[in-house]
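One-letter residues, chain by chain:
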Amino acid sequence: MKSFRLLRIVTILIVLSVLFAFAGCDKKESAASPSSLPSPSEEGPPLLDGPQGGPAGDVKPSASPDATDSGQASPGSSSGLYDPSIYVIEAEGSWQKELAPGYYANYECEMYIDKVDSNDNRKASGSYTGVFWLKVTLDASDFISDLLKDAPVEMQFAAGGEGLSDNLSMYLLDGYMRDPFENFDIPTDGGGTLSPAKEALADRGTFVVPSVNAYLEAHAQGVQGEKIDYENNQSSDTEVNYVIQVAADPTGSATQRKVTLFLTTGDGASVTLDGVWRRLPGYPEDVLDYANSGKQGEIIQKHLQES
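This text gives an overview of the structure that appears in the document. (Residues numbered from 1 in each chain as written. Predicted model: local features only at pLDDT ≥ 70, side-chain atom pairs only at ≥ 80, totals over all residues. Heavy atoms only, no water.)

Counting 47 residues, the largest nonpolar core has I89 and M170 as its most contacted members. The leading source of residues in this core is strand β4 (residues 153-172), at 7 residues. Judged by nonpolar contacts, the second largest core, of 11 residues, contains V88, Y290, I299 and I300. (Core = buried A, V, L, I, M, F, W, Y, C linked by side-chain atoms within 4.5 Å. Buried < 20%, exposed > 50% of the residue type's maximum accessible area, 1.4 Å probe, protein only. Helix = DSSP H or I, 4+ residues; strand = E, 2+ residues; numbered from the N terminus.)

Next comes the structure, spelled out in structure tokens:
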């Protein structure tokens, strides 16, 4: 009878653990348009092992030699395009979702995307490509304590998963080029919404995060020596919906802008993250140096080594 109760307890935990983040949904194509690797040009040597680039859109920024980091126009800035530039968007954060009383999924993520053109990258709109890492760890300690209460059973439970996409693509456009019937609002605390300004860049869509690691372990032992051990490393990919907004820069003077990223995973967990958009020098020699720096590769290797 005690063995039956022990099995029932562990079975309940295993069933609940199936709810964890890498319970994957059906894959859908991303709303973003993928881009190709930058091609060699006569202006400089070809990229060696660097990030991907993509076509520019139609944002209407203007260049200024006195760029600021605030996202605001510098005094006396003139209208026109940016100088040749590399555009980078970074965001990371962590959040928690309660699956049941005392049972939590703890999430971590990191995103790094860029827009690189070895010839003449003067517009911040267009296709950004890069990497996205997502990790979830289940914390069921309070749930187990409440479930067992005074039962003469010792139990250990651990579950989690990790995913990494190295071909994430987002296509950011300003309000003059975006679909006017598409909703790019982001929910805010208190039930409101954050809408992008006309000159702001925005995109929404779906991408898939392939699983690179998953684990589920449940071990229990009763006072009479009964044991139950369960392990499973099966995993599936995770679908993530996103809305992204990059603060407006009408005069084209900013080297840094605020990014707001809203994510929803397949299990219903959602979070709003703050990120940053940066504009780096993008002349041919700068593009070559940036490619050789291997920023995206560093992020991939870092998380693969951790998994």
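Of all 13 residues making up strand β2 (residues 103-115), 10 are buried, and the element is well covered by its neighbours. Pairing of strand β1 (residues 85-100) with β2, which is carried by 13 bridges, proceeds in the antiparallel orientation. Following the sheet pairing, Q96 is matched in β2 by N106. (Pairing = 2+ DSSP bridges.)

Take the side chain of R257 next. Mapped onto the elements, R257 comes out in strand β11 (residues 256-265). Despite its burial, R257 pairs with no opposite charge; the closest candidate is D249, at 4.3 Å N-O. A distance of 3.2 Å separates a polar atom in the side chain of R257 from a polar atom in the side chain of Y82. Looking at R257, its side chain comes within polar contact range of the main-chain oxygen of A247, at 2.6 Å. When residues no more than four places from it in sequence are discounted, the contact partners of R257 are Y82, A124, L201, V246, A247, A248, D249, G275, V276 and W277. (Lys, Arg positive; Asp, Glu negative; His and termini not counted. Salt bridge = Lys/Arg side-chain N within 4 Å of Asp/Glu carboxyl O. Polar contact = N/O pair within 3.5 Å; in protein donor to acceptor, adjacent residues only side chain to side chain. Contact = heavy atoms within 4.5 Å.)

Further remarks concern the packing of aromatic side chains. Counting across every chain of the model gives 7 aromatic pairs. Geometrically, the ring pair formed by F132 and F207 is edge-to-face, given 5.0 Å between the ring centres and 70 degrees between the ring planes. Here F132 is found in strand β3 (residues 126-139), whereas its partner F207 is found in strand β7 (residues 201-209), with 75 residues between them in sequence. Since its relative accessible area comes to 1%, F132 is described here as buried. With relative accessibility at 4%, the residue F207 sits in the buried group. Ring pairing ties together the aromatic residues Y82, Y87 and W277, which thus form one cluster. A cation sits over an aromatic face here: R178 above F184, 5.2 Å from the ring centre. For the cation-ring pair, R257 lies above W277, with the distance from its terminal atom to the ring centre recorded as 4.2 Å. (Phe/Tyr/Trp six-rings, centres within 6.5 Å; stacked < 30°, edge-to-face > 60°. Lys NZ or Arg CZ within 6 Å of the ring centre and 35° of its normal.)

Restricting attention to buried positions, one finds in helix α2 (residues 141-148) the residues F143, I144 and L148. Down the axis, α2 shows its buried residues gathered within 120 degrees of arc, on one side only. Exposed side chains of α2 directed beyond 90 degrees from the buried face belong to D142, S145 and D146. Where α2 terminates, the next one or two residues include K149, which has phi positive at roughly 50 degrees. (Arc of directions from axis to C-beta.)

So, on to the sheet that holds β7. Pairing is antiparallel in the open sheet, where 10 strands are placed in the order β7-β10-β11-β12-β1-β2-β3-β4-β8-β9. The open sheet is flanked by β7 and β9 (227-232), the only strands paired with a single partner. The sheet shows a mean angle of 15 degrees between the axes of neighbouring strands, direction not considered. Across the sheet, helix α3 (residues 284-293) touches β1, β2 and β12 (270-281), and the angle it forms with β1 is around 35 degrees. (Axes fitted to C-alpha atoms, helices over the stretch in contact; angles between N-to-C directions.)

Taken as a whole and assessed by the stated rule, the structure comprises 4 salt bridges. Here K302 ties to E110 by a salt bridge, and the two come within 3.2 Å at their closest N and O atoms. Taken together, the residues span a long stretch of sequence, with K302 in helix α4 (residues 295-306) and E110 in strand β2 at a distance of 192 residues. You can call E110 buried: its relative accessible area is 11%.

If you trace the backbone, Q245 turns up in strand β10 (residues 238-246). Separated by 44 residues in sequence, Q245 and L201 place their C-alpha atoms 5.8 Å apart. Every residue in contact with Q245, bar those within four places of it in the chain, is listed here: F184, D185, I186, L194, S195, P196, L201, A202, K258, V259 and T260. Engagement of the side chain of Q245 in a polar contact is seen with the backbone oxygen of L194, the distance being 2.8 Å.

Further remarks concern the pairing of β12. In regular strands, side chains alternate between the two faces of the sheet. One ladder, built from 7 bridges, connects β1 with β12; its direction is antiparallel. Across the sheet, V88 pairs through a bridge with R278, a residue of β12. As paired strands, β11 and β12 are joined by 9 bridges and run antiparallel to one another. Its bridge partner being in β12, K258 is matched across the sheet by V276.

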